[in-house]
Amino acid sequence: VTRALADELQGAEIVEMHFRRVASGAPRDAALREPRADALLNLAVHDIDLAAYLSGDRVTLSSARENGLVCAVDLVGKKGWRAAIEAGRVTENPERTIVVDTPSTTYRGDLRNGTLVAIDRATSVERKIALEKEEPLLAQAAAVAAAFRGEKQALASGEDGARAVAIAEQAL
């Protein structure tokens, strides 16, 4: 979903992004069992990184707050877009969604179900976007291996990840 969305967004102006990552089960790391730390450092950090990747822009924390079992993080990009991330753990109904608005199109992706649609904002006409059927972790490992071999540039660098962690820690 994310790679197809990135392809769709090439050259587009992003206005807003909304990420929702609600997982089930307890975090593996005992140090991150405190709900806010878990939501930010185990879950939201990935969407902070994803916002930077999709926008090709530097991300800054605008605000952070708790909303029950879910933490909310608001981001802004240097190019003027805004992003809202909701992350937390629940006992049922896990969710992993992304919505990206451009001036002409709203993209809605469901990463758990592997679907992505584009909705024309003027006509409300929906277009299903075809996705490659592959296991996400295997695709990620193949991309990292290709970067190590010098065949492709890494989609996200260690610096990108460190920036995302720094923003998540700032939100604590």
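Draft legend 1. Molecular detail of the side chain of Asp47. Mapping Asp47 onto the fold places it in helix α2 (residues 35-55). Asp47 gets classed as buried once you look at its relative accessible area, which sits at 0%. Every residue in contact with Asp47, bar those within four places of it in the chain, is listed here: Phe19, Arg21, Ile85 and Arg96.

Draft legend 2. How the structure looks around the nonpolar core. In terms of nonpolar packing, the biggest core is built from 36 residues, with Met17 and Leu75 touching the most fellow members. Per-element accounting of this core gives the leading share, 9 residues, to α2. Leaving out residues up to four positions away in the same chain, Met17 has contacts with Ala51, Leu54, Ser55, Trp81, Arg82, Ala83, Ala84, Val99 and Val100.

Draft legend 3. Region of the structure containing the sheet that holds strand β3 (residues 70-77). The mixed open sheet is built from 8 strands, whose spatial order is β2-β3-β4-β1-β5-β6-β7-β8. Two strands lie at the open edges of the sheet, namely β2 (59-67) and β8 (126-128), each paired on one side alone. Sheet twist, expressed as the average angle between the axes of neighbouring strands with direction ignored, equals 15 degrees. As judged from the 7 bridges shared by strand β1 (residues 16-24) and strand β5 (residues 95-101), these two strands associate in the antiparallel manner.

Draft legend 4. Broad picture of the environment of Pro94. Inspection of the secondary structure assignment puts Pro94 in the loop between β4 (82-90) and β5. Apart from the residues within four sequence positions on either side, Pro94 is in contact with Val22, Ala23, Ser24 and Arg112.

Draft legend 5. View of the confidence of the model for the chain. In this model, the chain carries an average pLDDT of 86, and 89% of its residues clear a pLDDT of 70 or more. For the chain, per-element mean pLDDT is lowest for helix α3 (residues 136-148), which scores 75, and highest for strand β6 (residues 105-110), which scores 98.

Draft legend 6. The side chain of Thr105, seen in detail. Note on placement: Thr105 falls in strand β6. In this structure the side chain of Thr105 is engaged in a polar contact, spanning 3.3 Å, whose partner is the side chain of Ser104. When neighbours within four sequence positions are excluded, Thr105 is seen to be in contact with Val100, Ala118, Ile119 and Arg121.

Draft legend 7. The arrangement of the pairing of β5 in detail. Most of β5 sits out of view: 5 of its 7 residues are buried. Of the pairings in the sheet, the one linking β5 to β6 comprises 5 bridges and is antiparallel in character. Each bridged residue has a counterpart across the sheet, and for Asp101 the counterpart in β6 is Thr106. The hairpin turn running from β5 into β6, its antiparallel successor, is 3 residues long.

Draft legend 8. Inspection of helix α1 (residues 2-9) at higher detail. Looking at α1, one finds that the buried residues are Ala4, Leu5, Ala6 and Leu9. Directly after α1, the chain includes Gly11, whose backbone phi takes a positive value near 80 degrees.

Conventions adopted
- Residues numbered from 1 in each chain as written.
- Predicted model: local features only at pLDDT ≥ 70, side-chain atom pairs only at ≥ 80, totals over all residues.
- Heavy atoms only, no water.
- Helix = DSSP H or I, 4+ residues; strand = E, 2+ residues; numbered from the N terminus.
- Buried < 20%, exposed > 50% of the residue type's maximum accessible area, 1.4 Å probe, protein only.
- Contact = heavy atoms within 4.5 Å.
- Core = buried A, V, L, I, M, F, W, Y, C linked by side-chain atoms within 4.5 Å.
- Pairing = 2+ DSSP bridges.
- Axes fitted to C-alpha atoms, helices over the stretch in contact; angles between N-to-C directions.
- pLDDT = per-residue confidence, 0-100.
- Polar contact = N/O pair within 3.5 Å; in protein donor to acceptor, adjacent residues only side chain to side chain.

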